[in-house]
Number of protein chains: 2
Amino acid sequence: MANELVGACIIGQSGGPTAVINASAYGVIKTALESDCITRVYGAAHGIKGVLNDKLYDMNQEDAYELSLMMHTPSSELGSCRYKMADPDVDDTDYKRILEIFQKYNVRYFFYNGGNDSMDTCDKISRFMAKSGWECREMGVPKTIDNDLYGTDHCPGFASAAKYIATSCMEITKDACVYDNGQITIIEIMGRHAGWLAASAKLADTFGSGPDLIYLPEVDFDMESFIADVKRIYDEKGKVVVAVSEGIHYADGTFVAEAKTSATDGFGHAQLGGLASTLANIVRERSGVKVRGIELSLLQRCGAHLASQTDIDEAFLAGKVAVESAVNGETGKMVAFARETSDGNYHCVTKLLPLTSVANFEKKVPLGWITPEKNQVTDAFVEYVLPLIQGEPRLPLEHSLPRYARLKKILAK
Amino acid sequence: MANELVGACIIGQSGGPTAVINASAYGVIKTALESDCITRVYGAAHGIKGVLNDKLYDMNQEDAYELSLMMHTPSSELGSCRYKMADPDVDDTDYKRILEIFQKYNVRYFFYNGGNDSMDTCDKISRFMAKSGWECREMGVPKTIDNDLYGTDHCPGFASAAKYIATSCMEITKDACVYDNGQITIIEIMGRHAGWLAASAKLADTFGSGPDLIYLPEVDFDMESFIADVKRIYDEKGKVVVAVSEGIHYADGTFVAEAKTSATDGFGHAQLGGLASTLANIVRERSGVKVRGIELSLLQRCGAHLASQTDIDEAFLAGKVAVESAVNGETGKMVAFARETSDGNYHCVTKLLPLTSVANFEKKVPLGWITPEKNQVTDAFVEYVLPLIQGEPRLPLEHSLPRYARLKKILAK
């Protein structure tokens, strides 16, 4: 084979974890362990930091059954990081160190499992390696509950979070409407710039009981219209359930939640949070009604027990295809999904996108899927998301509690 | 049969809902519909308020399959209320009205499904009816996630909430420990005066990954000891996960959360909440570390998808036994549970307790199950709770989302 490249591989995970990012890592690890071209499989401890710190786990020494449990283990089993790589043209210190580690372990394949920022990191490493002359193939494996990666129909991790949100919103709505005296409930859902997750609350309403109103960051938020919307439904039904995206903002771009905190993460993004209680306080003051704010917080991104089996399978597929494509000569690409429905059923097919076309772009909910009143999403969104959340995970249990992977994490010498 | 009493029955639900209170109501409704002595089954809309307002649903007109879905439908399907009944010796207006409704519909059986306050209501009605000369049998069907009802080994609703909390704490701990830089996570769990729910976080730690520290309202909370505990574990592991009961209080009885809100519910209980963010702010200021507060909020009490099948079955049993006992002549009692383990396995057997002995007492976590450091619970608690959370619910799904009961709720004439 003309493209044959023999050597070790590294898989790293980065950014905020999801319920299925480990299924992708397992897709990489299992396929790599079975590949004739890949001599050794290393897991980077805490993403690229594990490479920089020479902290690599030897995955060849792991038990096959425990590795397989990664299919149902939430969070990033190898550890994650939020580490912004410098532009290699400005400061190549980190890149030289990475090259040194690649050479030390004869790493010829690098798989990076993450979201926007991780694809940017993977792209920079790929370009540096190409220039350096060290033959190595870099592939991005997508991950993000936010569903905001450019060029792919959807992202692994999104559907499981959407299913968690839909189910939880159904349950909350059942609970929040139990008394005969009025109550207003405001549910805060993750999503800084894209509203895919908050929009998923629509599923609860379509198929049972869910929020009356949904506000997304794709459109400007207006406090007076919001109060009027809530009041109108309260007057009609005596109860209101609202879903809001953490990233809703006023017309001038200010986040509605911003006043609450000024902390930022490693990438300089403002850390949002506390929006539900902020809005609850405002609505309580303006209405005199009992208002409860609920933040789904980390629960929505780590709820593996409520994952979509479709999402798990696709997450695994993304990792598998990344390895197969790299072994076949591809590099500098991210695995992406396309939707195939010509027979009337949903099928997911993979494609490869240049990392440069993915990194640092954000895919948002189409404006046509948001109602003109800017307080709900349309059935077109439901049609889009419904096939993605199908299938119940066969989560291994012990004592009726989840049994997660227990890896040995033996450091490579 | 000497005790034979023929007439209609009313089932009402009261207080905060749970994941399995509808299984109890279904136990009452199904058994009553099948009973020869019970001529008609009415569901009171919003508990005792439905009786006072002559708003009774005719359960005989419901579809049997939809009724059966109550086994997996969270919240109180008939609606709930928080309505404090006056002492009948002081003001018997409400009781006279209830008697009028009982006579109008020939109600000879009254089943009240709720917690402490509901047992008090049921007891008062029972005593009034006995005095009034209207032959009627009143039975309490226990419900409370708080597990604080006196005289019963455990309460329907508790185990499902405990399982939700244990699973969610496992998932949160996986997520919260993913980065290599430090993070402290504080999880707020329901429980005003009894710490059974917060203690359930121990299951996560015992069987996977869970909170390092647990604080219950059974013992006094000391802020300096808490900060020292957190600091010690942070210095050791670089990450800390803490579970706190919403009702933790200082030695003088002041709730730690109290400063945040002064709202009260219908019974004059202080409405707690916001404790997680209060503690997170304090720890952040004192440690300089990133701290996240997470409130499990309503999710923990309505998480039917993660219910314990043992709990569902026992909740149904409690309703069934209440009807059977009343038909056999019992009145003024609550169905309670005893634990039978003589063959080494867990079995739940029912017993009847006088309502007067149950109402307004609170059962707390034994002090011997709390560590001397007041920051964890012992294995004795795990032994107690583990059998209760066993079994996965066969939750009916449509489109991979829960399919709840859809009752017609036709008002009785």
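Residues numbered from 1 in each chain as written. Chains lettered and ligands numbered in written order. Predicted model: local features only at pLDDT ≥ 70, side-chain atom pairs only at ≥ 80, totals over all residues. Heavy atoms only, no water.

## Topic: the relation of the copies chain B and chain A
- Superposition record for chain B on chain A: RMSD 0.0 Å, screw rotation 180°, translation along axis 0.0 Å. On this basis, the relationship between the two copies can be described by a two-fold rotation axis. In terms of proximity to the rotation axis, the leading residue of chain B is E295(B), whose C-alpha is 3.7 Å off the axis.
- In this assembly, 100% of the residues forming the interface of chain B have copies in chain A that are likewise at the interface, indicating an isologous arrangement. (Least-squares fit on C-alpha atoms with pLDDT ≥ 70 in both. Contact = heavy atoms within 4.5 Å.)

## Points about the sheet that holds strand 8 (residues 239–245) of chain A
Residues and elements named next belong to chain A.
- As summarised here, the arrangement of the four strands in space is 7-8-6-9, forming an open sheet in which the pairing is parallel. Unpaired on one side and paired on the other, strand 7 (213–215) and strand 9 (291–295) mark the two borders of the sheet. Across the sheet, the mean angle from the axis of one strand to that of its neighbour is 15°, orientation sign disregarded.
- The pairing of strand 7 with strand 8 spans three bridges and is parallel. (Pairing = 2+ DSSP bridges. Helix = DSSP H or I, 4+ residues; strand = E, 2+ residues; numbered from the N terminus. Axes fitted to C-alpha atoms, helices over the stretch in contact; angles between N-to-C directions.)

## Points about the side chain of T144(A)
- In this fold, T144(A) is placed in the loop between strand 5 (137–142) and helix 6 (158–176).
- Every residue in contact with T144(A), bar those within four places of it in the chain, is listed here: T18(A), L149(A), C155(A), P156(A), G157(A) and F158(A).

## Describing helix 12 (residues 309–327) of chain B
Residue and element names in this part refer to chain B.
- End to end, helix 12 covers 27 Å across 19 residues, agreeing with the expected 27 Å (1.5 Å per residue, within 8%).
- The element helix 12 is extensively covered by neighbouring structure, given that 15 of its 19 residues are classed as buried.
- Where helix 12 begins, the capping side chain belongs to S308, and its oxygen is found 3.2 Å from the backbone nitrogen of T310.
- Backbone geometry just downstream of helix 12 places G329 in the positive-phi region, at approximately 110°. (Expected span 1.5 Å × (residues − 1). Buried < 20%, exposed > 50% of the residue type's maximum accessible area, 1.4 Å probe, protein only. Polar contact = N/O pair within 3.5 Å; in protein donor to acceptor, adjacent residues only side chain to side chain.)

## Here we look at the pattern of salt bridges
- One pass over the full model with this rule turns up 46 salt bridges over all chains.
- Between E77(A) and K409(A) there is a salt bridge, and its shortest N-O distance comes to 3.9 Å. One end of the pair, E77(A), is in the loop between helix 3 (64–68) and helix 4 (93–104); the other, K409(A), is in the segment after strand 13 (401–402), and 332 residues separate them in sequence.
- A residue is classified by how much of its surface remains accessible, and E77(A), at 7% relative accessible area, is buried.
- According to the relative accessible area criterion, K409(A) is partly exposed, its value standing at 29%.
- A salt bridge links E100(B) to R97(B), with the nearest nitrogen and oxygen atoms 2.7 Å apart. Of this pair, E100(B) and R97(B) both sit in helix 4 (residues 93–104), three residues apart, which is roughly one turn of that helix.
- A network of salt bridges, in which partner residues are shared, links E66(A), E398(A) and R403(A). (Salt bridge = Lys/Arg side-chain N within 4 Å of Asp/Glu carboxyl O.)

## Brief notes about the interface of chain B and chain A
- Contacts between the two partners involve 58 residues from chain B, matched on the other side by 58 residues from chain A.
- Interface area for chain B against chain A, summed over the two sides, is near 5,000 Å², with a carbon-plus-sulfur share of 57%.
- On the chain B side of the interface with chain A, the three residues burying the most area are E171(B), Y179(B) and L401(B), jointly 14% of the side's total.
- The residue D175(B) makes a salt bridge to R301(A) at a minimum N-O spacing of 2.7 Å. (Buried area = accessible area lost by both parts, 1.4 Å probe.)

## Describing the sheet that holds strand 11 (residues 347–354) of chain A
Residue and element names in this part refer to chain A.
- The seven strands lie next to each other as 3-2-1-4-5-10-11, forming an open sheet whose pairing is mixed. Taken across any chain shown, the strands that pair with only one partner, and hence form the sheet edges, are strand 3 (56–58) and strand 11. Along the sheet, successive strands turn relative to each other by an average axial angle of 30°, direction set aside.
- Relative to strand 5, strand 4 (residues 107–114) runs parallel, the two being bridged by six bridges. Within strand 5, the position partnered with Y109 by the bridge is R137.
- Sheet contacts for helix 1 (residues 21–34): strand 1 (7–13), strand 2 (38–44), strand 4 and strand 5; angle to strand 1, the most-contacted strand, approximately 175°.
- Packing against the sheet, helix 5 (residues 116–132) makes contact with strand 4, strand 5 and strand 10 (333–340), and its axis sits at approximately 170° to strand 5.

## Let's talk about the state of the cysteines
- Per the counting criterion, the structure on display carries zero disulfides over all chains.
- Not part of a disulfide, C136(B) finds its nearest cysteine sulfur in C122(B), a span of 9.4 Å. (Disulfide = S-S within 2.5 Å.)

## Quick look at the nonpolar core
- Core analysis: the biggest nonpolar cluster contains 178 residues, and F111(A), I189(A), F111(B) and I189(B) have the highest contact counts within it.
- The residues contacting I189(B), other than those within four sequence positions of it, are I165(B), C169(B), L197(B), A198(B), A201(B), A243(B), V244(B), S245(B), E246(B), L296(B) and Q300(B). (Core = buried A, V, L, I, M, F, W, Y, C linked by side-chain atoms within 4.5 Å.)

## Focus on the packing of aromatic side chains
- As enumerated under the stated definition, the model contains 36 aromatic pairs over all chains in all.
- An angle of 80° between the planes, with centres 5.3 Å apart, marks the rings of Y215(A) and F226(A) as edge-to-face. Taken as a pair, Y215(A) in strand 7 and F226(A) in helix 9 (residues 223–237) lie far apart in primary sequence, eleven residues in all.
- Aromatic side chains F110(B) and Y112(B) sit 5.4 Å apart centroid to centroid with 25° between the ring planes, which places their arrangement in the stacked category. This pair shows no difference in class: F110(B) is buried, exactly as Y112(B) is.
- Put simply, the rings of F158(A), W196(A), W369(A), F381(A) and Y384(A) touch in pairs and so form one group of aromatic residues.
- Sitting over the ring of W196(B), K363(B) keeps its end group 4.9 Å from the ring centre. (Phe/Tyr/Trp six-rings, centres within 6.5 Å; stacked < 30°, edge-to-face > 60°. Lys NZ or Arg CZ within 6 Å of the ring centre and 35° of its normal.)

## Some thoughts on the packing of helix 1 of chain A against helix 12 (residues 309–327) of chain A
All names here are of chain A.
- Contact geometry of helix 1 with helix 12 gives a least axis separation of 7 Å together with a crossing angle of 40°. Here helix 1 is positioned oblique relative to helix 12, judged by the angle of their axes. Helix-helix and strand crossings are classified by hand; for helix 1 and helix 12 the assignment is right-handed. The segment helix 1 lies against helix 12, with A23, S24, Y26, G27, V28, K30, T31 and A32 engaging I312, A315, F316, A318, G319, K320, V323 and E324. (Parallel < 35°, antiparallel > 145°, perpendicular 65-115°, else oblique. Left-handed = near helix turned anticlockwise from the far one by under 90°.)

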